[in-house]
Amino acid sequence: MRQAKLGVGMAGLALLCATVAWGNGPGPKAVLVHSKFGGQIYGFDIDQNGTEGVLSEARDIGGDRVLAAVETFDQATGAILKVVKKIQSKDDFLTLGVVGAGIGLVEREHVHTLYVTRRIYEEINPLSANEFTGTWNAPLKTSDIIRDTSRIQGAGTTAFYGIHNKGPGKGFVIGSDVGAGTFGPLITLNDPVFATCCGAVLAYDSATNDAVVASATGEVGGPAPVIALANLATGQVTEFTGLLGPAPYHQGFVNGIAVDSEKGIACTTTELDFRVEFYDLKKESGFAVVLPGATSQLQSGSDVEYDPVNKLFLVAQSVSSTAGSGSSIQVYDTKGNLVESLNGFSFSNASNVIGTHIALHPADRSGYVDGPDAGVTELQAFTY
């Protein structure tokens, strides 16, 4: 929560809301967010220092059109607070995240015939404004597609990873103070591994001002992943080779990444070998642990998020290896020790256009994740 002083009545109300929302014990809660118009959710996030969240949704309404909307919701109750924007056309919205000082950032794709002809980045600044307040004028071309956002909140700089979807199709990163509307250099990642069909994953090291990008070829028996450190001020890019999974399959794609900037530790998840890796970014070395009880590629981890308050990495596992069914969130400390397994979720990626995301509110050890509806129209609250 923000450190502003609250009156006794407001503090009591906040405590009551938290009690109603979270209940006792860690794991999934009964609090759900439902997309207002029943559409599939195309990205969401929550304000780590506030009480609201934001999502985008879309559903087919026939006639080659979609109903697309951006909505804010209450973290404590799951209720939709405001329909920020609703359109019925070929356009759609994608929530890129809540960044900086609680700024919601939403991409609008303007579609003409079958093609995106313009990408507009709308700001909700602050998220509690519940309306578009301006435009983030990124120095990007229409063919430049943002694939990942660091979502670090509180930091002045947000890192973005994307693909130059034209010509050879190289990857790129760029840093921006979204609130101030300023940008660092657009940094092209020349290594082709960062422009693979499934792209790469991104985190931000605020201590060094580096975008940390990890990727691998994804091929069975392929080489180890590559981790790039791109300084968002100077544009300098260095790379090192990550850990190679066990033969014959090795590690497949890198599915998720998060960084503990205080200790300079990156945590990644990889396909095929169902492992979690912990890298010392300064030493360019690391170690891996198998997800608890995992024996199959289906049990590989996906999204990774870092809680800087409680010093924990949270790993999404679509097919649980610690429960008989459903999905889990595996919680690790920065030394790679399993702290707890949160079971009872359902966030299979089977129908997701946008991959699973864990959104955290570290101050009260709570968050939201996709599911449980198979149609991807819901978000579920949890504690840890």
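Refer to the structure presented above.
In short, a report on the structure. Being a predicted model, the structure only gives us computed values, none of them experimental.

**With respect to the environment of Gln299**
Position of Gln299 among the secondary structure elements: in the loop between β22 (285–290) and β23 (301–307). Judged by its relative accessible area of 12%, Gln299 is buried. As for Gln299 and Ser320, which are separated by 21 residues in sequence, their C-alpha atoms are 6.1 Å apart. Once you skip the residues sitting within four places of it in the chain, Gln299 turns out to touch Phe274, Leu291, Gly293, Ala294, Gln317, Val319, Ser320 and Ser321.

**Observations concerning the nonpolar core**
Within the largest apolar cluster, 17 residues are counted, with the highest numbers of intra-cluster contacts made by Tyr161, Val173, Phe194, Ala211, Val213 and Leu232. Those elements that provide at least two residues to this core are β11 (158–164), β14 (187–189), β15 (201–205), β16 (210–215) and β17 (226–231).

**Overview of unusual backbone geometry**
Pro248 follows Ala247 through a cis peptide bond whose omega is 5 degrees. Looking at the secondary structure, you find Pro248 in the loop between β18 (237–241) and β19 (254–260). Going from Gly371 to Pro372, the amide bond is cis rather than trans, its omega being 5 degrees. Counting through the fold element by element, Pro372 comes out in the loop between β28 (366–370) and β29 (378–383). Positive phi, normally seen in glycine, also occurs at Asn209, with a value near 60 degrees. Looking at the element boundaries, Asn209 is found in the loop between β15 and β16. Positive phi, close to 45 degrees, is recorded for Phe274, a residue that is not glycine. Mapped onto the secondary structure, Phe274 falls in the loop between β20 (265–270) and β21 (275–280). Relative accessible area serves as the criterion here: at 16%, Phe274 is assigned to the buried category.

Criteria and thresholds
- Residues numbered from 1 in each chain as written.
- Predicted model: local features only at pLDDT ≥ 70, side-chain atom pairs only at ≥ 80, totals over all residues.
- Heavy atoms only, no water.
- Helix = DSSP H or I, 4+ residues; strand = E, 2+ residues; numbered from the N terminus.
- Buried < 20%, exposed > 50% of the residue type's maximum accessible area, 1.4 Å probe, protein only.
- Contact = heavy atoms within 4.5 Å.
- Core = buried A, V, L, I, M, F, W, Y, C linked by side-chain atoms within 4.5 Å.

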